[in-house]
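Structural overview for review
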Amino acid sequence: MRTVRDSEGDRYLLVKQSGDSSLVRDPDSGAERYIANSDLDVVAEESPLSTAAAGIDPAVRRLLTATYDDQSLGLLVELVDRGPLSTVAVLDSYDLCESDLHGLLAEFRAAGLVIEADSGGQRGYDAAELAERAVEQLRDSSSAGETASPPE
């Protein structure tokens, strides 16, 4: 698979190539269509996997790369929902040792997902706008497929 660009500059994943046209996939929608080979150029400097990932919102991609398990994702979600939280409050509320907490917070800060914030006069952290947007999008996409069940 290769990354290709059409005459308008839009990037696609090359799925199949024949004599006159190529089947390409739009990374934003996943939709496939045929485009004339004469309208396509190979983008050699871009990995097809990077092109595929580019179809996901940058905020969500950043969240996915910074959270590697349910605990780290849960901490970020809690900061979105309850923040700002002091470091002491987080240590008291959740099953994290101090070194694990500081390691996660350092990763989140490096990824631009949390910011230092005052919480009741204590040093703490709050979710950055990027994290808020990513969590909102993940919640929206997970609830889109749900249907309400009648109460039992």
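Computed from a predicted structure; not experimentally measured.

What follows is about the sheet that holds strand 5 (residues 40-42). The strands that make up a sheet pair up through hydrogen bonds in the backbone, lying either parallel or antiparallel. If you walk across this open sheet you meet the five strands as 4-3-2-1-5, and the pairing is antiparallel. The open sheet has two edge strands, strand 4 (32-36) and strand 5, and neither has a second partner. For this sheet, the mean angle separating the axes of adjacent strands, direction not counted, is 50°. Pairing of strand 1 (residues 2-6) with strand 5, which is carried by three bridges, proceeds in the antiparallel orientation.

Here three strands make up an open sheet; going across it, the order is 6-8-7 and the pairing antiparallel. Bordering the open sheet on either side are strand 6 (85-86) and strand 7 (114-119), each of which pairs with just one other strand. In this structure, strand 7 lies alongside strand 8 (residues 122-127), joined through six bridges in antiparallel fashion. Residue pairing for strand 8: Asp 118 is matched across the bridge by Arg 123.

Next up on the list: the pattern of salt bridges. As enumerated under the stated definition, the model contains seven salt bridges in all. Its salt-bridge partner being Arg 123, residue Glu 116 comes within 3.7 Å of it at the nearest N-O pair. Counted as one network, the salt bridges with shared partners bring together Arg 109, Glu 116 and Arg 123.

Take unusual backbone geometry next. The step from Gly 83 to Pro 84 runs through a cis peptide bond, and the omega angle for that step is 0°. Structurally, Pro 84 can be placed in the loop between helix 3 (70-82) and strand 6.

Per-residue pLDDT for the protein chain has a mean of 91; in total, 93% of the residues score no lower than 70. Taken element by element, the protein chain is modelled with least confidence in helix 6 (residues 129-144), mean pLDDT 88, and with most confidence in strand 3 (residues 21-25), mean pLDDT 96.

Quick look at helix 2 (residues 58-66) now. Those residues of helix 2 not exposed but buried are Ala 59, Val 60, Leu 63 and Ala 66. An end-on view of helix 2 places all buried positions within 135° of arc, on one side of the element. For helix 2, exposure combined with an orientation more than 90 degrees from the buried face picks out Leu 64 and Thr 65. At the N-terminal boundary of helix 2, the capping side chain belongs to Asp 57, with an oxygen 2.8 Å from the backbone nitrogen of Ala 59.

Turning to the environment of Ser 29, a few remarks are in order. Examined against the element boundaries, Ser 29 turns out to sit in the loop between strand 3 and strand 4. Classification of Ser 29 by relative accessible area gives exposed; the value is 54%. Taking the C-alpha atoms as reference, Ser 29 lies 19 Å from Leu 64; in sequence the two are 35 residues apart. At a separation of 3.1 Å, a polar atom in the side chain of Ser 29 contacts the main-chain amide nitrogen of Ala 31.

With that settled, consider helix 3. Helix length check: helix 3, at 13 residues, gives a terminal C-alpha distance of 17 Å against a target of 18 Å (1.5 Å per residue), a fit within 8%. All buried positions along helix 3 are accounted for by Ser 72, Leu 75, Leu 76, Val 77, Leu 79 and Val 80. For helix 3, the capping residue at the N-terminal end is Asp 69, with a side-chain oxygen 3.3 Å from the backbone nitrogen of Gln 71.

Here the focus is the pairing of strand 8. Within a regular strand, the side chains alternate between the two sheet faces. Two strands pair when backbone bridges link them, and strand 6 and strand 8 are joined in this way by two bridges, in the antiparallel orientation. Bridge pairing links Leu 85 to Tyr 125 in strand 8. In sequence, strand 7 turns back onto strand 8 through a hairpin of two residues, with Gly 120 there showing a positive phi of about 60°.

Thresholds applied
Residues numbered from 1 in each chain as written. Predicted model: local features only at pLDDT ≥ 70, side-chain atom pairs only at ≥ 80, totals over all residues. Heavy atoms only, no water. Pairing = 2+ DSSP bridges. Helix = DSSP H or I, 4+ residues; strand = E, 2+ residues; numbered from the N terminus. Axes fitted to C-alpha atoms, helices over the stretch in contact; angles between N-to-C directions. Salt bridge = Lys/Arg side-chain N within 4 Å of Asp/Glu carboxyl O. pLDDT = per-residue confidence, 0-100. Buried < 20%, exposed > 50% of the residue type's maximum accessible area, 1.4 Å probe, protein only. Arc of directions from axis to C-beta. Polar contact = N/O pair within 3.5 Å; in protein donor to acceptor, adjacent residues only side chain to side chain. Expected span 1.5 Å × (residues − 1).

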